[in-house]
Each structure stands twice: as C-alpha cells, then as structure tokens.
Amino acid sequence: MNGFKYLFHNNNNCAFMGVKVRMAPMEPAWDAVPEMCRAALRDWDKAVVGLGDELMSILCEGLGVKSDKWKELSCLDTRVSLCHYYPPCPEPDLTIGLTAHTDPGVLTILVQNEVGGLLQVKCGEDWADVEAVPGAIVVNIGDLLQMISNDEYKSVMHRVLANPVEGARVSIAEFFNPSVRENRYGPFPELISDEKPTVYREFTYGEYIRRFFNKELDGKTLTNFYRIDNTKA
C-alpha cells in the first residue's frame, strides 16, 4: 500500500489513532486510502501546497534572499499528511500524547477541530499551551529551515497532550521536506558574513533524515549535532 499507513498508539490506557499518507513526490495509492478520506485529503493537499509556497517565499524575503531560493533545494517537494484522532483519555495526567520533539523538515502546517489542548510549546523551561482558535492554522518551523537560515528562524520544541475532555480531538498536519536526498544543505551562502559566521556544517539530506529516524523523540533537536561549535547549543 504505497504511501498509506494506519497508526495506533496506546500510552497508559490513553489510545489514539492516526492515518499517514505520503502525498508527494509520488502520488499515494489512492485505492488503499479509505474512500471517505480521499476527496478531503486531495483538497487539503492542494490548499496546503499553495500556502506552503507562499510562506516559504515570505520567509526567504525575510532573510534577504530571493523568494524562490527554497525551490533550488526542493525544500517543499516531499509532503506527508498525518491525521490524528484523540478520543477522551480517562487518565490524561498520567501520559503524553507525543513526547517533546522538534520537526525535522522545513515546515509543518497543522489544523485541528475546536477541542483544545493539543499542543504545548517549550518557552524557556516551561511549557505553554497553544490555544485552539477557530479557523486558525498552526505553522511550525522545522530543524532544516533553522539550519539553512543560519539560526535566523528557530524550530520549535513541542509536545502533544492526551485529550482530557469529553469530545474527540481531530487534527491534520502536513510535513514539508526536500525530495532530493543527495542535495547538500547548510546555511544559505548569502547569510554568511564576518559578523554572522556559519553556525552549521554542510550535510546531505539523506544522511540527515536517516539520523533523525534512528533517534527517539527524546526532547533533543538534531540541530545541535550539526552545529560547528556544540558548546553554543
């Protein structure tokens, strides 16, 4: 079943379920995707691609580089949609839905229903709730964008909480990643100067993503591994 996977998690009697669909660069095997989801996933992917393109152009302009710089590195060409269903958890104080982590790629775009309590982000040593605002879209900077921006943009440490309320919580996220694993990544040359030296060494995306999937979601970011001076991490 190319590009499609059911997910099931059970932490301390708090179960949640998910559907993972690899949308690009290859089309998913749509016959393997539940029929009730196909049209919605297609529409979601089409809309979120346009938003991702626009966001990356704006972020490049914010760095002072040309707005299509990200296209040279195929930054948004691999896309994975991850849908989660969190039923009420009888013991939400005893578990975490997903442990603390940063996203490895370039951008993550997420929407959720009105049932709150999904995300918390790390602020110093504390965790802050991300309020569920009707109609709002959550955008996470990923580790790869932090490194190619030479720390101008920062990936966010976050975690997902178990659902403590009666209604079911539903969310869908799209993860944007490069498609060419042989490409070399590092800070954009335009961002390097005597005043702002390079923070990260170069690496291939293939090496990077293998390293990510060989580690646990352990509350540590891979950006530290590629820092030229790890004492500053």
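Just so it is clear, the structure is predicted and the values come from calculations on it, not from any experiment. (Residues numbered from 1 in each chain as written. Predicted model: local features only at pLDDT ≥ 70, side-chain atom pairs only at ≥ 80, totals over all residues. Heavy atoms only, no water.)

### A few points about unusual backbone geometry
- For the bond from A24 to P25, the omega torsion is 10°, close enough to zero to count as cis.
- Positive phi, normally seen in glycine, also occurs at S74, with a value near 50°.
- Of note, S74 is situated in the loop between α1 (35-63) and β3 (78-86).
- On the accessibility criterion, S74 (5% relative accessible area) is buried.
- Positive phi outside glycine occurs at D151, with the angle close to 75°.
- Assessed through its relative accessible area of 14%, D151 is described here as buried. (Helix = DSSP H or I, 4+ residues; strand = E, 2+ residues; numbered from the N terminus. Buried < 20%, exposed > 50% of the residue type's maximum accessible area, 1.4 Å probe, protein only.)

### As for the confidence of the model for the protein chain
- In this model, the protein chain carries a mean pLDDT of 85, and residues with pLDDT of at least 70 account for 86%.
- The least confident element of the protein chain is strand β1 (residues 4-11), whose mean pLDDT is 58; the most confident is helix α2 (residues 143-148), at 95. (pLDDT = per-residue confidence, 0-100.)

### Examining the pairing of strand β6 (residues 119-123)
- Note that β6 and strand β7 (residues 126-130) share five bridges and pair antiparallel. The residue of β7 that forms the bridge with V121 is A128.
- Counted along the chain from β6 to the antiparallel partner β7, the turn is two residues long, and its residue G124 has a positive phi close to 70°.
- Where β6 lies against strand β9 (residues 158-161), three bridges are found, and the strand directions are antiparallel. Each residue of the ladder has a partner; that of V121, found in β9, is H158. (Pairing = 2+ DSSP bridges.)

### Regarding the packing of aromatic side chains
- Counting across every chain of the model gives eight aromatic pairs.
- For the pair Y185 and F203, a centre-to-centre distance of 6.5 Å together with 25° between the ring planes defines the contact as stacked. In this pair, Y185 is assigned in strand β11 (residues 184-185) and F203 in strand β12 (residues 203-204), connecting sequence segments 18 residues apart.
- Aromatic pair F203 and Y208: ring centres 5.4 Å apart, planes at 35°, arrangement tilted. Grouping residues by exposure puts F203 and Y208 together as buried. (Phe/Tyr/Trp six-rings, centres within 6.5 Å; stacked < 30°, edge-to-face > 60°.)

### Comments concerning the nonpolar core
- Grouped together as the largest cluster of nonpolar side chains are 41 residues, with contacts concentrated most on M56, V106, L107 and L145.
- Listed by contribution, the elements that provide at least two residues to this core are β2 (14-24), α1, β5 (107-112), α2, β10 (169-177) and α3 (205-213).
- Ignoring sequence-local partners within four residues, the contact set of L107 consists of G52, L55, M56, L59, V139, N140, I141, L145, E174, F175 and F176. (Core = buried A, V, L, I, M, F, W, Y, C linked by side-chain atoms within 4.5 Å. Contact = heavy atoms within 4.5 Å.)

### Considering the pattern of salt bridges
- Summed over all chains, the structure comprises seven salt bridges.
- A salt bridge links E202 to R184, with the nearest nitrogen and oxygen atoms 3.2 Å apart. Taken as a pair, E202 in the loop between β11 and β12 and R184 in strand β11 lie far apart in primary sequence, 18 residues in all.
- The partly exposed category is assigned to E202, whose relative accessible area is 48%.
- Take R184: its relative accessible area is 46%, and that puts it in the partly exposed class.
- Taken together, the salt bridges that share partners define one network made up of K66, K69, E72 and E190. (Salt bridge = Lys/Arg side-chain N within 4 Å of Asp/Glu carboxyl O.)

### Overview of α1
- A rise of 1.5 Å per residue sets the reference length of α1, with its 29 residues, at 42 Å; its end C-alpha atoms lie 42 Å apart and thus fit the reference within 8%.
- Among all positions of α1, only L41, W44, D45, V48, G52, M56, L59, C60 and L63 are buried.
- G64 lies just past α1 and shows a positive phi near 85°. (Expected span 1.5 Å × (residues − 1).)

### Thoughts on a nonpolar patch on the surface
- Together, M17, Y85 and V170 give the surface a local cluster of nonpolar side chains, amounting to about 250 Å² of exposed area.
- Residue placement: V170 occurs in strand β10.
- Of the residues examined, V170 reaches a relative accessible area of 39% and is grouped as partly exposed. (Patch = residues over 30% accessible without salt bridge, like charges linked within 9 Å, V, L, I, M, F, W, Y side chains within 5 Å. Areas by Shrake-Rupley, 256 points an atom, 1.4 Å probe, with all protein chains shown as cover.)

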